Amino acid sequence: MAKQMIEVNKLNKYFGDNHVLKDIDFHVAESEVVVLIGASGSGKSTMLRCLNFLEMKNSGEIFIKGNEVNPKKDNVNEVRQKVGMVFQHFNLFPHKTVLGNVMEAPTQVKGLSKSQAKKEGKELLEKVGLAEKANDYPSRLSGGQKQRVAIARALAMKPEIMLFDEPTSALDPELVGEVLQTMKDLAKEGMTMVVVTHEMGFAREVADRVVYMHEGKIVETGAPKDIFENPKEERTQAFLSSIL
Amino acid sequence: MYLQFISFWGGFWEALVNSRELFFEASQLTLALTAVSIFIAIFVGLFFALLKISNIRPLEWIANAYIYIVRGTPLIVQIFVFYYGLTNVWMISGFWSVSLGLAFHNGAYIAEIFRGSIQSIGKGQTEAGRSLGMSQALTMRRIILPQAFRRALPPLGNQFIIGLKDSSLAAFIGVSEIFAVATTQGANTFDYMTWLLVSAVYYLILVFLLTLVVSLIEKKMAVSGDE
Ligand SMILES: Nc1ncnc2c1ncn2[C@@H]1O[C@H](COP(=O)(O)OP(=O)(O)OP(=O)(O)O)[C@@H](O)[C@H]1O
Ligand SMILES: [Mg+2]
């Protein structure tokens, strides 16, 4: 069996009285691409954010690369270095240039030298096709370019897992493709990825597994072909027919 | 009436020109009081702003108490408390006791300005920093504060101007800044109106220069990209 990069057992999360994640069991193997789908409010973002400890679970276990992480005891800053995250609204640092965004964490967190971080940063920008924008400020970029910078910025920490929370939902339709292409390239290189998206084409083509969430529970999980063509659960069928 | 005006204007003009060395010196003192007190007040303000947003109750209470006291008491009382308190205890000069009094006072208003601008920076910025493995303190220092400072500049500039004008209260404890020199000249010549207007001219010029400096800083910071 392949090495498990993420393992979640009986995860529960509440916001006040709102029981948002209910006994979630979830795992992601090395180099696996898992796409999370589900209706608005079903808990996809919360789930992703728990994996990165931006939200704190109420109960259950979370293992990252085989080690249980307890945010009260363990240094989550170190765990987060292994788990990159890309947000729906990019969240680039507006006061830093594109290259400055990418160099920030390696220099400040890992203590990489400026010259080394610059070299690596430029390579990453090259990779996402934005080398010529290195010295621009984010305000000058299109949404698609911003999101590719955000991906490069996360990759600069050399994470072993990447989390994407609706990375294309805030983009104009014509800009979605370039971001998805960057993510496909990443998947091809063997990156372990968990992606929340409504892009079913991407899920079909890239995902190893699709997970359908409904009201805080994982209702169905399987290969994209099975989920899209023969969903077993009625709720999955209803959801898919509502979006396709 | 008309002749009176002409003669007053002539006297005013003469006073303004002839007293320039006196007032240049006094202006330097006013500027020094303003610069020192504002400089300290920025750190005081930042410190209490961070206490206020710390989410640690006792620290929030301390910051609230400080702001409450500053807002609830007259500045002249604060300055005299610093003057009598500090000059007796540490034997520091009138200049420094006023500077610290003004810093104490402006710090509270600057704390509120910083708190507002820090909280105006979206949660996404903090999350982006944290998700890259940056600690809370590092995220605050590298990501939030630079943006918050830029947003705080217009109200800060306003507070700087208030601080400059409030430095005139130093006259009451014998610091020879602009207002003190004006009242001394007024007493000597029995012509308060002329000298008060002379002092007003100097305050207007200093406020003009300060406004210019603040807007230059604003422009310089705006170049480095806006959202
Ligand atoms: N910070 C928060 N405080 C309180 N409630 C929250 C918070 N974040 C999310 N929730 C609630 O948790 C539930 C799940 O939200 P979540 O954002 O995880 O859903 P989602 O599946 O990502 O939805 P969407 O497709 O709209 O992004 C919702 O009921 C939401 O209102
Ligand atoms: Mg969401």
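Conventions used here
Residues numbered from 1 in each chain as written. Chains lettered and ligands numbered in written order. Predicted model: local features only at pLDDT ≥ 70, side-chain atom pairs only at ≥ 80, totals over all residues. Heavy atoms only, no water. Pairing = 2+ DSSP bridges. Helix = DSSP H or I, 4+ residues; strand = E, 2+ residues; numbered from the N terminus. Contact = heavy atoms within 4.5 Å. Axes fitted to C-alpha atoms, helices over the stretch in contact; angles between N-to-C directions. Buried < 20%, exposed > 50% of the residue type's maximum accessible area, 1.4 Å probe, protein only. Right-handed = clockwise from strand over helix to strand, strands pointing away. Parallel < 35°, antiparallel > 145°, perpendicular 65-115°, else oblique. Left-handed = near helix turned anticlockwise from the far one by under 90°. Patch = residues over 30% accessible without salt bridge, like charges linked within 9 Å, V, L, I, M, F, W, Y side chains within 5 Å. Areas by Shrake-Rupley, 256 points an atom, 1.4 Å probe, with all protein chains shown as cover. Salt bridge = Lys/Arg side-chain N within 4 Å of Asp/Glu carboxyl O. Near = heavy atom within 4 Å. Polar contact = N/O pair within 3.5 Å; in protein donor to acceptor, adjacent residues only side chain to side chain. Nonpolar A, V, L, I, M, F, W, Y, C, P; charged D, E, K, R; others polar. Phe/Tyr/Trp six-rings, centres within 6.5 Å; stacked < 30°, edge-to-face > 60°. Lys NZ or Arg CZ within 6 Å of the ring centre and 35° of its normal. pLDDT = per-residue confidence, 0-100.

Help me understand the sheet that holds strand S2 (residues 18-29) of chain A in this model?
Sheet strands line up and pair through hydrogen bonds in the backbone, either parallel or antiparallel. All names here are of chain A. Sheet architecture is open: four strands sit in the order S2-S1-S4-S5, paired in antiparallel fashion. Where the open sheet ends on each side, the last strands, each with one partner, are S2 and strand S5 (67-68). The strands touched by helix H1 (residues 44-51) are strand S1 (4-15), S2 and strand S4 (59-64); relative to S2, the strand with the most contacts, the crossing angle is about 60°.

How should I be thinking about the pairing of strand S7 (residues 161-165) of chain A in this particular structure?
Regular strands place their side chains on alternate faces of the sheet. Residue and element names in this part refer to chain A. Among the five residues that make up S7, five are buried, leaving the element largely enclosed by the rest of the structure. Of the two faces of S7, the one holding Ile 161, Leu 163 and Asp 165 and the one holding Met 162 and Phe 164 are both buried throughout. Here S7 runs beside strand S8 (residues 192-196); their pairing, made up of five bridges, is parallel. The partner of Ile 161 across the bridge, within S8, is Thr 192. Read as a crossover between parallel neighbours, the route from S7 over helix H6 (residues 173-188) to S8 is right-handed.

Whenever I open this one, the packing of helix H2 (residues 20-52) of chain B against helix H5 (residues 94-120) of chain B confuses me. Can you help?
Relative orientation and spacing of two packed helices are given, respectively, by the angle between their axes and the distance between those axes. Residue and element names in this part refer to chain B. Running from N to C, H2 and H5 point in directions that differ by 45°, and their axes come no closer than 5 Å. Classified by the interaxial angle, the pair formed by H2 and H5 is oblique. Considering only the axes of H2 and H5, their crossing is right-handed.

What am I meant to see in the sheet that holds strand S10 (residues 217-222) of chain A here?
Residues and elements named next belong to chain A. Within the open sheet, the six strands sit side by side as S6-S7-S8-S3-S9-S10. Their pairing is mixed. Of all strands in the sheet, those bounded by a partner on one side alone are strand S6 (83-86) and S10. Taking each pair of neighbouring strands and ignoring which way they run, the sheet shows an average axis angle of 20°. Of the strands in this sheet, S6 and S7 are in contact with helix H5 (residues 143-155), which crosses S6 at around 170°. Running over the sheet, H6 touches strand S3 (33-38), S7 and S8 and is turned about 150° from S8.

Can you walk me through a nonpolar patch on the surface in this structure?
Residues and elements named next belong to chain B. A grouping of Tyr 2, Leu 3, Phe 5, Ile 6, Trp 9, Trp 13 and Val 17 is seen on the molecular surface, where their side chains present a nonpolar patch of about 830 Å² in accessible area. Along the polypeptide, Leu 3 turns up in helix H1 (residues 2-18). In this structure Leu 3 comes out as exposed when scored by relative accessible area, which is 66%.

What's the story with the site of ligand 1 in this structure? I'm lost.
Residues and elements named next belong to chain A. Around ligand 1 sit Phe 15, Asn 18, Val 20, Ala 39, Ser 40, Gly 41, Ser 42, Gly 43, Lys 44, Ser 45, Thr 46 and Glu 166, and those are all the residues in its vicinity. A distance of 3.0 Å is found between an oxygen atom of ligand 1 and a backbone nitrogen or oxygen belonging to Gly 43. At a separation of 2.8 Å, an oxygen atom of ligand 1 approaches a polar side-chain atom of Lys 44. Coverage of ligand 1 by the protein chains reaches 61% of its 630 Å² of free accessible surface. Elements represented by at least two residues in the shell around ligand 1 include exactly S2 and H1. The dominant element in the shell around ligand 1, judged by the number of residues it contributes, is H1, at three residues. Residues belonging to the shell around ligand 1 are distributed by class as follows: three nonpolar, seven polar and two charged.

Teacher, can you tell me more about the packing of aromatic side chains here?
Working definition: an aromatic ring pair is given by the centre-to-centre distance plus the angle between the planes. In the structure shown here, the tally under the stated rule is 17 aromatic pairs over all chains. With a centroid separation of 5.0 Å and an interplanar angle of 15°, the aromatic rings of B:Phe23 and B:Tyr202 are classed as stacked. Within this pair, whereas B:Phe23 is found in helix H2, its partner B:Tyr202 is found in helix H9 (residues 192-223), the two being separated by 179 residues in sequence. With centroids separated by 5.3 Å and ring planes inclined at 70°, the aromatic side chains of B:Tyr66 and B:Phe104 adopt a geometry described as edge-to-face. Of the two residues, B:Tyr66 sits in helix H3 (residues 57-72) while B:Phe104 sits in helix H5, which places them 38 residues apart along the sequence. In this structure B:Tyr66 comes out as buried when scored by relative accessible area, which is 7%. One aromatic cluster is present, formed by B:Phe47, B:Phe48, B:Tyr66, B:Phe82 and B:Phe104 through successive ring pairs. A cation over an aromatic ring shows up here: A:Lys13 above the ring of A:Phe15, its NZ or CZ 4.9 Å from the ring centre.

Would you mind going over the side chain of B:Ser168 with me for this structure?
All names here are of chain B. Within the secondary structure, Ser 168 sits in the loop between helix H7 (136-166) and helix H8 (178-189). Looking at Ser 168, the relative accessible area reads 16%, which means it is buried. A distance of 2.7 Å separates a polar side-chain atom of Ser 168 from the backbone oxygen of Lys 165.

Help me understand the confidence of the model for chain B in this model?
Regions with low pLDDT carry predicted coordinates that are not meant to be interpreted in detail. Across chain B, the average pLDDT comes to 93, with 97% of residues at or above 70. Model confidence for the complex: the whole-complex pTM is 0.89, and ipTM, which rates the interface, is 0.93.

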